[in-house]
Amino acid sequence: MREMDFRISHLNTQKNLEGIKIYNYRDFDNVRDFVKCISTGYQGRKPIEVYQYGLIDTNPDALVESIQQSADLFSKNTGILLRGLFVQIDKVCINDSAIIKSLANEFAKYILYRGFILKYIIYDMDSYFVIIYLINPINYVDGSKYKTNNTDVLEDEYRCLCQCVNYIRGNCTEYDFSTLETYPLPY
């Protein structure tokens, strides 16, 4: 099997590491529209998996309501209200949707572990998989914001994905999120 070839996309931050894209939204109406659109279809495709951490309701509006409540609770109604993280994985590297689902879930745990509620959606494209993470950028423990303009965040996310891939492939028996120091643990 070939070495991992994945791209993580962050747009609107002028940061790019191995193709990482982030979409940042600053208006609740745009957030609501984007979440509904991504949750139901992407580039004419239906999702093969939709999962969320920190939310009970599976309705697409649940994430938006969570963001609104966090923003109100911590007085963070300005700035970025939704972070969209896109991970693209070439099927030459991994062509098994079960492995992709495991990878998506393990990386989601990293984001939740840092105190951020999220939803992820997986799409099977013709030559690659896309995992889209929709993240409430307000930490549910202390109200701190997800850092999006920091190169260290991108590098930590990339290293985390590499750890998750190695774990899923059986190259290691465990991984340690605490080695990724961009965010101190919220507890």
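A.B. asks: Before we move on, could you go through the overall build of the protein chain and cite the residues and values that matter?
C.D. replies: Scanning the protein chain for helices and strands turns up four helices and six strands. Helices and strands appear in the protein chain in the N-to-C order β-β-α-β-α-β-α-β-β-α. In the protein chain, buried positions account for 49% of the 187 residues. When the accessible surface of the protein chain is summed, it comes to about 8900 Å², and 46% of that surface belongs to carbon and sulfur atoms.

A.B. asks: Kindly report on the environment of Cys37, identifying the contributing residues and their values.
C.D. replies: Among the secondary structure elements, Cys37 is positioned in helix α1 (residues 28–40). Judged by relative accessible area, Cys37 falls into the partly exposed class, the value being 45%. Linking Cys37 and Pro60, residues 23 residues apart in sequence, is a C-alpha distance of 9.1 Å.

A.B. asks: Describe the pattern of salt bridges, naming the residues involved and giving the relevant values.
C.D. replies: Here the idea is simple: oppositely charged side chains can pair when their charged atoms come close. Taken as a whole and judged by the stated rule, the model has six salt bridges. The residue Asp61 makes a salt bridge to Lys36 at a minimum N-O spacing of 3.9 Å. In this pair, Asp61 is assigned in helix α2 (residues 60–73) and Lys36 in helix α1, connecting sequence segments 25 residues apart. For Asp61, a relative accessible area of 18% corresponds to the buried category. In this structure, the salt-bridge partner of Asp124 is Lys91, at a minimum N-O distance of 2.4 Å.

A.B. asks: Tell me what's going on with the packing of aromatic side chains, and back it up with residues and numbers.
C.D. replies: All told, the structure shown has five aromatic pairs when counted by the stated rule. The interplanar angle of 50° and the centroid separation of 5.7 Å between the aromatic rings of Tyr120 and Tyr133 together place this pair among those described as tilted. Within this pair, whereas Tyr120 is found in strand β5 (residues 118–124), its partner Tyr133 is found in strand β6 (residues 128–135), the two being separated by 13 residues in sequence. Under the relative-accessibility criterion, Tyr120 is labelled buried at 2%. Taken together, Tyr51, Tyr53, Phe107, Tyr110, Tyr120 and Tyr133 form an aromatic cluster joined through their ring pairs. Positioned above the aromatic ring of Phe129, the side-chain terminus of Lys91 is 4.9 Å from the ring centre.

A.B. asks: Which residues make up unusual backbone geometry, and what values do they have?
C.D. replies: Unusually for a residue other than glycine, Ser75 sits at a positive phi of about 50°. Assignment of secondary structure puts Ser75 in the loop between α2 and β4 (82–90). Take Ser75: its relative accessible area is 64%, and that puts it in the exposed class.

A.B. asks: How would you explain the nonpolar core if you had to name every residue and give the values?
C.D. replies: Within the largest apolar cluster, 26 residues are counted, with the highest numbers of intra-cluster contacts made by Phe107, Ile111, Tyr120, Ile131, Tyr133 and Ile135. When residues of this core are traced back to their parent elements, those giving at least two are β4, α3 (97–113), β5, β6 and α4 (151–168). If you tally residues by element for this core, the top one is α3, at seven residues. In contact with Ile135, not counting residues within four places along its chain, are Leu82, Arg83, Leu85, Ile111, Phe116, Ile117, Leu118 and Tyr146.

A.B. asks: Mind laying out α3, listing which residues take part and the relevant values?
C.D. replies: Counted at 1.5 Å a residue, the expected span for α3 with its 17 residues is 24 Å, and the 24 Å between its end C-alpha atoms agrees. Within the span of α3, buried status applies to Ile100, Leu103, Ala104, Asn105, Glu106, Phe107, Ala108, Tyr110 and Ile111. Two to three positions downstream of the cap, the backbone nitrogen of Ala98 sits 2.9 Å from a side-chain oxygen, assigning the N-cap of α3 to Asp96. Downstream of α3 by one or two residues, Gly115 has phi in the positive range, about 100°.

About the cut-offs
Residues numbered from 1 in each chain as written. Predicted model: local features only at pLDDT ≥ 70, side-chain atom pairs only at ≥ 80, totals over all residues. Heavy atoms only, no water. Helix = DSSP H or I, 4+ residues; strand = E, 2+ residues; numbered from the N terminus. Buried < 20%, exposed > 50% of the residue type's maximum accessible area, 1.4 Å probe, protein only. Areas by Shrake-Rupley, 256 points an atom, 1.4 Å probe, with all protein chains shown as cover. Salt bridge = Lys/Arg side-chain N within 4 Å of Asp/Glu carboxyl O. Phe/Tyr/Trp six-rings, centres within 6.5 Å; stacked < 30°, edge-to-face > 60°. Lys NZ or Arg CZ within 6 Å of the ring centre and 35° of its normal. Core = buried A, V, L, I, M, F, W, Y, C linked by side-chain atoms within 4.5 Å. Contact = heavy atoms within 4.5 Å. Expected span 1.5 Å × (residues − 1). Polar contact = N/O pair within 3.5 Å; in protein donor to acceptor, adjacent residues only side chain to side chain.

On their own, these measurements won't tell you what the molecule is for.
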